[in-house]
Amino acid sequence: MAKGSFHAAAKPLQVVQNGAEGENLLKARDSIHGTKCLIIEGEQRIRGDIRINGAKNAAVAILPASLLTERSVKVDNLPNITDIHKLVDIIAALGAKVNSPLKGQLCVDASAVNGFAPPANLVNQLRASYYLMGSLLGRFGQVEVPMPGGCDLGPRPIDQHIKGFTALGAKVELEHGVVKIKARKLRGAHIYLDVVSVGATINIMLAAVKAEGKTIIENAAKEPEIVDTANFLNAMGCQVVGAGTDVIKINGVKSLGEVEHKVIPDRIEAGTFMIAAAATCGEAQICDVIPKHLDPLSAKLKEVGTEVEVGPDWIQVRGKTKLLPSDVKTFPYPGFPTDLQPPVMVLLTRAQGTSMITENVFERRFRHVDELKKMGAQIKVEGRTAVIEGGHKLFGAPVKAMDLRGGAAFIIAGLKSEGKTILTGIEHIDRGYEDIVERFKKLSVSIERSLV
Ligand code: EPZ
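Residues numbered from 1 in each chain as written. Predicted model: local features only at pLDDT ≥ 70, side-chain atom pairs only at ≥ 80, totals over all residues. Heavy atoms only, no water.

## Focus: the packing of helix α8 (residues 267-279) against helix α9 (residues 295-303)
The following threshold applies: Only the contacting stretch of a helix is used when fitting its axis, a line to C-alpha atoms as for every element, and angles between N-to-C directions run 0 to 180 degrees. Only DSSP runs of H or I reaching four residues or more are called helices, and only runs of E reaching two or more are called strands; each is numbered from the N terminus. An angle below 35 degrees is treated as roughly parallel, one above 145 as roughly antiparallel, one from 65 to 115 as roughly perpendicular, and anything else as oblique. Whether two residues touch is decided by their heavy atoms; if any such pair falls within 4.5 Å, the residues are in contact. Each residue gets one of three labels, nonpolar for Ala, Val, Leu, Ile, Met, Phe, Trp, Tyr, Cys and Pro, charged for Asp, Glu, Lys and Arg, and polar for the others, Gly among them.
It is the contact of α8 with α9, at a shortest axis distance of 11 Å, that shows an interaxial angle of 10°. Between α8 and α9, the angle falls in the class roughly parallel. Judged by residue contacts, Gly271, Met274, Ile275 and Ala278 of α8 engage Leu297, Ser298 and Leu301 from α9. Residues of the contact of α8 with α9, tallied by class, amount to five nonpolar, two polar and no charged.

Spelled out as structure tokens, the structure:
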């Protein structure tokens, strides 16, 4: 089997042969390459069952975390998305051997990793590369990575990450846009986060697992992806207690072993399809989920009149013609997830009455509003609040995705509009939704990729 194709990196990549099935986890699928837009026919209803993939926001933490150990790492249920492909490029460029013997599976051998400065051209391509700070600092006591980029949701500082690293005894400098972190010895510390931050909570965990002594992270974020990362770390021999609560305690260990881990289901992907079914008055069974992770959305969908039935590992959603308006406030988990704010805004354009969305997590996460207004949505933004006047029909239009979840929202808007929608900026969508066209086709709606 041909070796997986990789971006050019600073040095030859250690790519091992891949299994027939596994090819796609090491590179973006040919079906994605070069496609410029999605063509979405309007007035379609979601119908059918869909199996949910592994959680992007757990996977992008777990892959960098695999560099902490010199023993073998096997991760299953990884989504086939470009963020994963980019992270594979980065850890391979550092000297790790990566292969993908089965679909959704990656095997990583980081024993030969000897670098702490991954190629900037690769790191710059995804925000989650900031997890390399915690993992390489934890492994080598040193790391140099460019300041992280990411979707434009407003300022995305890393001051809390740096606060944690400094507390653990590291010296942090910013030189010409590169974050340089060095610690002669990492020592456990008592860290009180000023802001509830998923990234900072995970990054500090990664740096602390091999620090000498005990670390306490207070005011920690409680997202399921943090719990999944902590479970991965504990499976390799770390001692992390309290993930999922706002106090995480870590006893540093000297050495780490091998680990096999299956990534939890992606609650944001699941929620996107749930909202699509509700918004198009369709019906869908969302399978292989952890229903508890979707409680805030299930509650909101019921509140606006959608039928939601919850099973042990599935959720059935039946859209209703009559939708009630609602107030949605995004908050860190277990609040309503900010990543489902753009899709739920599309749903509320169909409600009979005026709804309000307050975005409490990011400063500027309403960039999708202008594009939705092009489709006929009546929305007014005042600071962190958007007022949605429901009951107005949406019409297909040429719209552009500016970030991952906004892109998903436009697909839902296009499906429920009258007429055709041409959606560009789809590279954002391919970052976080595997095979989005094929997945919607499984739900009986037709979306086409186009090269022009
Ligand atoms: C993670 O981003 C997710 N990304 C985001 O998902 C998600 O929206 C976000 O958490 C909130 O749940 C990944 O996991 C890769 P934060 P992250 O640190 O870690 C402020 C998606 O679509 N803050 O919890 O960057 C920050 O500005 C993406 O999958 C500081 O002030 O989010 C924001 O306002 C989008 N200082 C708030 O905290 C810091 O040092 C929450 O950010 C760090 C964050």
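## Examining the domain arrangement of the protein
Definition in use: Where a domain begins and ends is set by an automatic assignment or by a domain database. Summed over both partners, the accessible surface that disappears when two parts come together, traced with a 1.4 Å probe, is what is meant by buried area.
Its domain assignment divides the protein into domain 1 (33-53 + 265-450) and domain 2 (56-262). The gap between the C-alpha centroids of domain 1 and domain 2 is 30 Å. At the interface, 22 residues of domain 1 touch 20 residues of domain 2. Summed over both sides, the interface of domain 1 with domain 2 buries roughly 2000 Å², with 49% coming from carbon and sulfur.

## Observations concerning the side chain of arginine 365
Definition in use: Polar contacts, as counted here, are pairs of nitrogen or oxygen atoms within 3.5 Å of one another; within protein the pair requires one atom able to donate a hydrogen and one able to accept it, and residues that are adjacent in sequence qualify only if both atoms are side-chain atoms.
Here arginine 365 is to be found in the loop between β18 (354-359) and α11 (368-374). Looking at arginine 365, its side chain comes within polar contact range of the side chain of aspartate 339, at 2.8 Å. Beyond its immediate stretch of four places on either side in the chain, arginine 365 contacts Leu153, Thr338, Asp339, Gln341, Pro342, Glu359 and Arg405.

## Here we look at the packing of aromatic side chains
The criterion, for reference: The rule is short: rings of Phe, Tyr and Trp, with Trp giving its six-membered ring, pair when the centres are within 6.5 Å, and they are stacked under 30 degrees, edge-to-face over 60, tilted in between. The buried label goes to any residue with under 20% of its type's maximum accessible area, the exposed label to any with over 50%, and the partly exposed label to all in between, with areas taken from a 1.4 Å probe on protein chains only.
This model, assessed by the stated rule, comprises two aromatic pairs. Pairing tyrosine 130 with tyrosine 131 gives two aromatic rings, centres 4.7 Å apart and planes at 85°, and the pair type is edge-to-face. The two residues tyrosine 130 and tyrosine 131 agree in class, both being buried.

## Remarks on the sheet that holds strand β7 (residues 171-175)
Paired through backbone hydrogen bonds, the strands of a sheet run either parallel or antiparallel to each other. In plain terms, the rule: We call two strands paired when DSSP finds no fewer than two bridges between them.
Strand order in this open sheet of three strands is β6-β8-β7, and the pairing throughout is antiparallel. Two strands close off the open sheet at either side, each with one partner strand: β6 (142-146) and β7. Across the sheet, the mean angle separating the axes of adjacent strands is 15° when strand polarity is ignored. Inspection of the sheet shows β7 paired to strand β8 (residues 178-182) by five bridges, in the antiparallel sense. In the strand pairing of β8, glutamate 173 is matched with lysine 180. Of the strands in this sheet, β6 and β8 touch helix α4 (residues 131-140), which is tilted by about 160° from β6.

## Regarding the confidence of the model for the protein
Going by this rule: Looking at any residue, its pLDDT shows the predictor's confidence there, from 0 to 100.
Of all residues in the protein, 93% attain a pLDDT of 70 or more, and the chain-wide mean is 92. Low pLDDT (under 50) marks residues 1-20, which in the prediction has 56 contacts with non-local residues, meaning those over four places away or in another chain.

## Some words on the site of the ligand
The line we're drawing: Here a residue is considered near a molecule or strand provided that any single heavy atom belonging to it is located within 4 Å of it. Methods summary: accessible areas were calculated by the Shrake-Rupley approach with a probe of 1.4 Å, and residue burial reflects only the protein chains presented.
Around the ligand lies a shell of 24 residues, among which Asp159, Gln160, Ser197, Asp339 and Val361 are the nearest. Between the ligand and lysine 56, the relevant distance is 3.0 Å, taken from an oxygen atom to a side-chain nitrogen or oxygen of the residue. Side-chain polar atom of asparagine 57 to an oxygen atom of the ligand: 3.0 Å apart, as the coordinates give it. For the ligand, whose free accessible area comes to 830 Å², the fraction covered by protein is 91%. Elements with a contribution of two residues or more to the shell around the ligand: α1 (56-65), α5 (159-167), α6 (198-208) and α12 (404-416). Looking at the shell around the ligand residue by residue, the class counts come to eleven nonpolar, six polar and seven charged. Viewed by domain, the shell around the ligand spans two of them, domain 1 (33-53 + 265-450) and domain 2 (56-262), each represented by three or more residues.

## Some details on the nonpolar core
Here is the rule: Side-chain atoms within 4.5 Å are what join buried Ala, Val, Leu, Ile, Met, Phe, Trp, Tyr and Cys residues into a set we call a nonpolar core.
Met205 and Leu233 are the most contacted members of the largest nonpolar core, which totals 79 residues. If near-sequence neighbours (up to four positions away) are discounted, leucine 233 is found in contact with Ala65, Leu68, Met205, Leu206, Val209, Cys238 and Val240. Listed in part, the 65 residues of the second largest apolar core include Leu340, Ala377, Ala386 and Leu443.

## Notes on the side chain of arginine 431
Along the chain, the position of arginine 431 falls in helix α13 (residues 427-432). Among the polar contacts made by the side chain of arginine 431, one reaches the side chain of aspartate 83 at a distance of 3.0 Å.

## Details of α6
With ten of its eleven residues buried, α6 lies for the most part within the structure. A side-chain oxygen of the first residue of α6 lies 3.4 Å from the backbone nitrogen of glycine 199; this N-cap is serine 197.

## A few points about the packing of α1 against helix α7 (residues 224-235)
The following threshold applies: Handedness of a helix crossing follows the sense of rotation of the near helix relative to the far helix, less than a right angle counterclockwise being left-handed and clockwise being right-handed.
Interhelical geometry of α1 versus α7 gives an angle of 25° and a closest axis separation of 9 Å. Between α1 and α7, the angle falls in the class roughly parallel. In terms of crossing hand, the pair formed by α1 and α7 is right-handed. Residue-level contacts link Asn57, Ala58, Ala61, Ile62 and Ala65 of α1 to Glu225, Asp228, Thr229, Phe232 and Leu233 of α7.

## Structural notes on the pattern of salt bridges
Operational definition: Here a salt bridge means any side-chain nitrogen of Lys or Arg lying within 4 Å of a carboxyl oxygen belonging to Asp or Glu.
Counting across every chain of the model gives 26 salt bridges. Note that glutamate 43 is salt-bridged to lysine 393, the shortest N-O span being 3.7 Å. With glutamate 43 in the loop between β1 (37-40) and β2 (47-51) and lysine 393 in the loop between β20 (385-389) and β21 (398-400), this pair connects stretches of sequence that are 350 residues apart. Here glutamate 212 ties to arginine 187 by a salt bridge, and the two come within 3.6 Å at their closest N and O atoms. Linking glutamate 212 in the loop between α6 and β10 (214-218) with arginine 187 in the loop between β8 and β9 (190-192), this pair joins segments that are 25 residues apart in sequence. For arginine 187, a relative accessible area of 41% gives the class partly exposed. In this structure, a network of salt bridges that share partners links the residues Glu283, Glu307, Glu309, Arg318 and Lys320.

## A look at the sheet that holds strand β16 (residues 314-318)
As summarised here, the arrangement of the four strands in space is β2-β14-β16-β15, forming an open sheet in which the pairing is mixed. The strands lining the two open edges of the sheet, one partner per strand, are β2 and β15 (307-310). Each neighbouring strand pair of the sheet contributes to a mean axis angle of 15°, computed without reference to strand direction. Sitting on the sheet, α8 touches β2, β14 (283-287) and β16, and the angle it makes with β14 is about 170°.

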